[in-house]
Amino acid sequence: MLHRTLVFCLPLVVAMLVGCGGNVASDVAIGDFAFRKLPGDASEIHFALHPGIRNPNSYFEFTTSETEFLAWAAQQPNVERVEKTQFIVYRYADYPGATDDRESLVVDDGYLFEWYNPTDGDQGECIAYDKAKGRAYYWSHTF
């Protein structure tokens, strides 16, 4: 009986530890985006929420003006501005690490705000803005 219970539970435990597919959507209306308050002019909102015990990641991106982005970023808890103009941002995708052209991109001129848990560098948040595209990018990894 114990053997049968272990065989039944093992796939569930593995899925919880590794993570499993999540909620992915494109072109969400601002009124339908309930995960975090966004700037009032946010549009073309895309997101991916990937649950899991060891790999819970949240990604979203949206179009907004530079002024609205900076005001929004200033209201976000934890993050601090990092003085870089060129950097890589991680984007929403069907699943992190999957072969997907949306997985990341290089921002040549923009703003970067970050926070990493001082007791666990695997937890953090990143908020970025690409001035040329007028796009904001958000990534979070917390347990």
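Residues numbered from 1 in each chain as written. Predicted model: local features only at pLDDT ≥ 70, side-chain atom pairs only at ≥ 80, totals over all residues. Heavy atoms only, no water.

Asker: I'm lost on the overall build of the chain in this one. Help?
Answerer: Helix and strand counts for the chain come out as two helices and nine strands. Starting at the N terminus, the α and β elements of the chain follow one another as α-β-β-β-α-β-β-β-β-β-β. Taking all 143 residues of the chain together, 39% fall into the buried category. Contacts spanning at least 24 positions in sequence make up 51% of the contacts within the chain whose residues lie at least 6 apart. Roughly 8,300 Å² of accessible area belongs to the chain as shown, and the carbon and sulfur atoms make up 57% of that amount. (Helix = DSSP H or I, 4+ residues; strand = E, 2+ residues; numbered from the N terminus. Buried < 20%, exposed > 50% of the residue type's maximum accessible area, 1.4 Å probe, protein only. Contact = heavy atoms within 4.5 Å. Areas by Shrake-Rupley, 256 points an atom, 1.4 Å probe, with all protein chains shown as cover.)

Asker: What exactly am I supposed to notice about unusual backbone geometry here?
Answerer: Among all residues save glycine, negative phi is the norm, and among peptide bonds the norm is trans. The backbone phi angle of E44 is positive, close to 50 degrees, even though this residue is not glycine. By the secondary structure assignment, E44 is in strand β2 (residues 43-50). E44 sits in the partly exposed class, given a relative accessible area of 45%.

Asker: I'm lost on the pattern of salt bridges in this one. Help?
Answerer: Two side chains with opposite charge may pair up if their charged atoms get near one another. What the rule picks out here adds up to three salt bridges. Of the charged contacts, one joins R135 and E61 as a salt bridge, the two residues approaching to 2.8 Å between their closest N and O atoms. In this pair, R135 sits in strand β9 (residues 135-141) while E61 sits in strand β3 (residues 57-63), placing the two residues 74 residues apart along the sequence. Assessed through its relative accessible area of 1%, E61 is described here as buried. (Salt bridge = Lys/Arg side-chain N within 4 Å of Asp/Glu carboxyl O.)

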